[in-house]
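Chains, contacts and geometry: an overview
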Amino acid sequence: MAAQCVTKVELSVSCDNLLDKDVGSKSDPLCMLLMNSSGQQWFEIDRTERIKNCLSPKFCKKFVIDYYFEVVQKLKFCIYDIDNKTVDLSDDDFLGEFECTLGQVVASKKLTRPLLLRNGKPAGKGSITISAEEIKDNRVAQFEVEARKLDNKDFFGKSDPYLEFHKQSADGRWQMVHRTEVIKNNLNPVWRPFKIPLQSLCNGDMDQKIRVECYDYDSDGSHDLIGIFETNMSKLKDASRNSPMEFECINEKKKQKKKSYRNSGVVSVKQCQIIKEYSFLDYIMGGCQMNFVVGIDFTGSNGDPHSPDSLHYISPNGVNEYLTAIWSVGMVIQDYDTDKMFPAFGFGAQIPPNGQVSHEFPINFNPSNPSCHGIQGIIDAYRLCLPQVRLYGPTNFSPIINHVAGFAAAATQQQTASQYFVLMIITDGVITDLDQTRQAIVNAAKLPMSIIIVGVGGADFSAMEFLDGDNGGLRSPSGEMAIRDIVQFVPFRNFATAPKEALSQSVLAEVPQQVVSYFSTYKLKPPKDPAGK
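Below, the structure is looked at part by part.

Calculation criteria
Residues numbered from 1 in each chain as written. Predicted model: local features only at pLDDT ≥ 70, side-chain atom pairs only at ≥ 80, totals over all residues. Heavy atoms only, no water. Helix = DSSP H or I, 4+ residues; strand = E, 2+ residues; numbered from the N terminus. Buried < 20%, exposed > 50% of the residue type's maximum accessible area, 1.4 Å probe, protein only. Contact = heavy atoms within 4.5 Å. Areas by Shrake-Rupley, 256 points an atom, 1.4 Å probe, with all protein chains shown as cover. Lys, Arg positive; Asp, Glu negative; His and termini not counted. Charge placed at Lys NZ, Arg CZ, Asp CG, Glu CD. Phe/Tyr/Trp six-rings, centres within 6.5 Å; stacked < 30°, edge-to-face > 60°. Pairing = 2+ DSSP bridges. Salt bridge = Lys/Arg side-chain N within 4 Å of Asp/Glu carboxyl O.

Topic: the overall build of the protein chain
- Along its length, the protein chain carries 12 helices and 26 strands.
- Along the longest, intermediate and shortest principal axes, the C-alpha atoms of the protein chain span 90 × 80 × 40 Å.
- The buried share of the protein chain, reckoned over its 533 residues, is 51%.
- At a minimum sequence separation of 6, the contacts of the protein chain that also span at least 24 residues come to 71%.
- Here the protein chain displays about 24900 Å² of accessible surface, and carbon together with sulfur accounts for 49% of that area.
- The distance from the centre of the 57 positive side-chain charges to the centre of the 64 negative ones in the protein chain is 8 Å.

What follows is the structure in structure tokens.
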């Protein structure tokens, strides 16, 4: 699966106390941005302008980058003192560099760090500040529209009307940006409320022309034009239930033929509200924390960890599929959790000291604090845990899902979009408690929570596919439909020969949409305005 660009981000760069490499004047700095998102080699993205004679520059040129949530996008900001007109920077004085990920920048919104020389030593007192801003007009127009006395275009029955909204492009052509649903057999239709992003509708320009076309739907595609009117958002935004905005639909051909022609009906905009619709980055940059939790399958079907055939066998080079999955996904998501403390649980094993079977034990064996510090902390705890447990069974998912759902439920006491939980379950086999798991997922869909399931080994994972809401929606045993799709299942074997980034891209691709879906459904705003207002 190819990574999906979530949005574009604009990075602003400034520096303070740069090294002075010039005699008789100050350095003439320039910033070059390099990126590495494949783990192989750095490539140049762009350069700022050169600022003459300045040790604390604020660069005017911005860096614009496509942002991918599910990819670790490494950035390197390199500062040079430019003393000649050549493009090659190898003959210019190096003033320092800073390396980070784009995820760290957007999560912090503003990042100030010391500049380092290539030997890792501080570049004097030099520092760099990077500010991130999403390039997006997140205003949305919410419409309630109806019509009356539309022309009847059908011989049998009445017209089946729908509306098309068009914006005018730079070359004067009209471009459709929204189509309502069709209302069957009705000359006085009331359409369902709908939303159109202002960027799509009028490029954010309140005075730009908008054309609305009303058609009678025909199943063969030869839809008949009922009428047209033109307006703009400056007029539409004043529409309210107490004072609707009304427009006559005009059919020019009919008008030319019929002297007594008045209109082909009236479209009434009952309400047009401009609201702010937050994006994934708005929530992250506004202070929402992504909490990463890991669940590891320690059931007997994995095989004896001492045997090379076991999925828990740690090879001489120190890895297995469980460790690879934790590392791949965790390295992306850790940038969005400021304290880097990640709860990690095991299930399906007999645990010390009494050998009882547990389906939600902390792999660090500390029930009062199941969190591990960083992704390396999870891996270290897993390595220490493995020799102390006896793989057993059955494969029950619901206890750990309900456990994490308890964390997420506590977060709903907040009045803002402050916390979101991502549970990654790594498993080798068929779920034993499928009905309980279905119920747990339906319940979790009402909470700020997503579930990633990574299937390791060669088992039949058809039941896992069933849990993924992409396949028509998940229902509980009692028939209750999950209000959101929160499960993403990926078999590890599909990525055995793929680049190491491919797994994280696949399993995390749906998370941004799931985050937005939850917070917008419950009308929760970021803890602080991401625009800084």
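Right, picking up where we left off after that structure.
Brief notes about the packing of aromatic side chains
- By the definition in use, this model includes 21 aromatic pairs.
- Here Tyr 80 and Phe 94 contribute two aromatic rings whose centre-to-centre distance is 5.5 Å and whose plane-to-plane angle is 65 degrees, an arrangement assigned as edge-to-face. Separated by 14 residues along the polypeptide, Tyr 80 in strand β5 (residues 74-81) and Phe 94 in strand β6 (residues 93-101) bring together distant segments of the chain.
- The buried category is assigned to Tyr 80, whose relative accessible area is 8%.
- The exposure class of Phe 94 is buried, given its relative accessible area of 13%.
- When the centroid spacing of 5.8 Å and the interplanar angle of 50 degrees are considered together, the rings of Tyr 278 and Tyr 283 count as tilted.

Brief notes about the sheet that holds strand β23 (residues 390-391)
- Spatially, 3 strands are ordered β20-β19-β23 in an open sheet, and the strand pairing comes out antiparallel. In this open sheet, the two edge strands, each paired with only one partner strand, are β20 (356-358) and β23.
- Note: strand β19 (residues 349-351) against β20, 3 bridges, orientation antiparallel. Across the sheet, Ile 351 pairs through a bridge with Gln 356, a residue of β20.

So, the pattern of salt bridges
- According to the stated counting rule, one finds 15 salt bridges in the structure shown.
- In this structure, the salt-bridge partner of Glu 230 is Arg 211, at a minimum N-O distance of 3.1 Å. Taken together, the positions of Glu 230 in strand β14 (residues 224-231) and Arg 211 in strand β13 (residues 210-216) put the pair 19 residues apart, joining distant regions of the chain.
- Lys 446 is the salt-bridge partner of Glu 480, the closest N and O atoms lying 2.9 Å from each other. One end of the pair, Glu 480, is in the loop between α10 (462-467) and β26 (487-491); the other, Lys 446, is in the loop between α9 (434-444) and β25 (449-455), with 34 residues separating them in the sequence.

Some details on the environment of Gln 514
- With respect to the helices and strands, Gln 514 occurs in helix α12 (residues 511-521).
- Sequence-wise, Gln 514 and Lys 21 are 493 residues apart; in three dimensions their C-alpha atoms are separated by 50 Å.

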